[in-house]
Amino acid sequence: MSSSASSASQALPFGRLTTAMITPFSPDGSLDLDAAQKVATQLVDQGNDALIVNGTTGEAPTTTDAEKVQLVKVVLAAIGDRAKVVAGVGSNNTAHSVESAKAAEAAGAHGLLVVTPYYNKPPQEGIKAHFTQVADATGLPVLVYDIPGRAGVPIQTETLLALAEHPRIVAVKDAKGDVAATTKVLANSDLFYYCGADELNLAWLAMGAVGIASVVAHVASEPYRELIDAVVRGDLTTARTIDRRLVPAVEAIMTRTQGAIMVKAALKLAGVIEHATVRSPLVEATQVQVDGLTTDLKTAGLIA
């Protein structure tokens, strides 16, 4: 990465390349903190500016509050000041999210990922109040996670524009996939956008997203770094070439079952982690799924 690209990344709240990191488990289902540090170190070595821990890909619905704090601390210890750690603190209980945000700040996190409250489907005023209360609870910058496919409700454009007025709500991880809505927010606010859907990375960067918050980057950080840098310098030809080469990997990891399942299988194939253990209600990838994943990762040039 060039010095100019590096300095530009540092000026952004969470840089340009961010991975929504897995939570490694031992075969008995306990946290594998050594593996977490290994994954985090490799991701930063490969060009990540920030790591999101305790998000959906980190199987946050199945980890305890104490485990979440442990994960923030061990990842921070592993990567030092080389990258930022963004802690997922979202839930469908505002009071719980506020307490989680305070705990993450106390553990040393650099920012917060806050997802739309899920399952209880609050109205837009409730969504606005939720994000505002969490942002008020700490001094950390907030990355709002808009993912209606999981939450059940979108964050409407008007709500995002209102949230943009909060001094600590600085960015959006966008997995809504609405070109017009995203463009309108970009045109009418100072929010930084990070693409939260790997199949849309190039399109969102071309629209004005400053970076990506990726799952596939667990095994594709280096090409994604090249893709982002190509867009930044206006070289869309190179960016398209990289994006199209990675299509098989994106399909294999993100479309055949839950992403956390497949990306753990991919990391095991790549020799980064020893165990692909997930916590119930997730289940490990089947041999058929692993065989297909192997073929697709080879086609994308990500494993030998």
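One can find the structure itself at the top, above this paragraph.
Here the structure is a predicted model, which means the values were calculated and not measured. (Residues numbered from 1 in each chain as written. Predicted model: local features only at pLDDT ≥ 70, side-chain atom pairs only at ≥ 80, totals over all residues. Heavy atoms only, no water.)

1. Looking at the overall build of the protein chain
Thought 1: On a plain count of helices and strands, the protein chain comes out with 14 helices and eight strands.
Thought 2: Compactness check: the protein chain gives a C-alpha radius of gyration of 18 Å against a globular reference of 19 Å for 304 residues, within 12% of the reference.
Thought 3: Principal-axis analysis of the C-alpha atoms gives the protein chain an extent of 50 × 45 × 35 Å.
Thought 4: Residues counted as buried form 55% of the 304 residues belonging to the protein chain.
Thought 5: Accessible surface, the protein chain as shown: approximately 12300 Å² in total, 52% of it carbon and sulfur.
Thought 6: With 24 positive and 31 negative side-chain charges, the protein chain shows a separation of 1 Å between the mean positions of the two kinds. (Helix = DSSP H or I, 4+ residues; strand = E, 2+ residues; numbered from the N terminus. Rg over C-alpha atoms; globule rule 2.2 N^0.38 Å. Buried < 20%, exposed > 50% of the residue type's maximum accessible area, 1.4 Å probe, protein only. Areas by Shrake-Rupley, 256 points an atom, 1.4 Å probe, with all protein chains shown as cover. Lys, Arg positive; Asp, Glu negative; His and termini not counted. Charge placed at Lys NZ, Arg CZ, Asp CG, Glu CD.)

2. Considerations on the nonpolar core
Thought 1: Counting 85 residues, the largest nonpolar core has Met 21, Val 75, Tyr 224, Ile 253 and Leu 297 as the members making the most contacts within it.
Thought 2: Membership of the second largest hydrophobic core comes to 16 residues, among which are Ile 147, Ala 171, Tyr 194 and Val 210. (Core = buried A, V, L, I, M, F, W, Y, C linked by side-chain atoms within 4.5 Å.)

3. So, the pairing of strand β1 (residues 17-20)
Thought 1: Side-chain alternation along β1 places Leu 17 and Thr 19 on one buried face and Thr 18 and Ala 20 on a second face that is also buried.
Thought 2: Two strands pair when backbone bridges link them, and β1 and strand β8 (residues 211-214) are joined in this way by three bridges, in the parallel orientation. Each bridged residue has a counterpart across the sheet, and for Leu 17 the counterpart in β8 is Ile 212.
Thought 3: With helix α2 (residues 33-45) bridging β1 and its parallel neighbour strand β2 (residues 50-53), the resulting β-α-β unit is right-handed. (Pairing = 2+ DSSP bridges. Right-handed = clockwise from strand over helix to strand, strands pointing away.)

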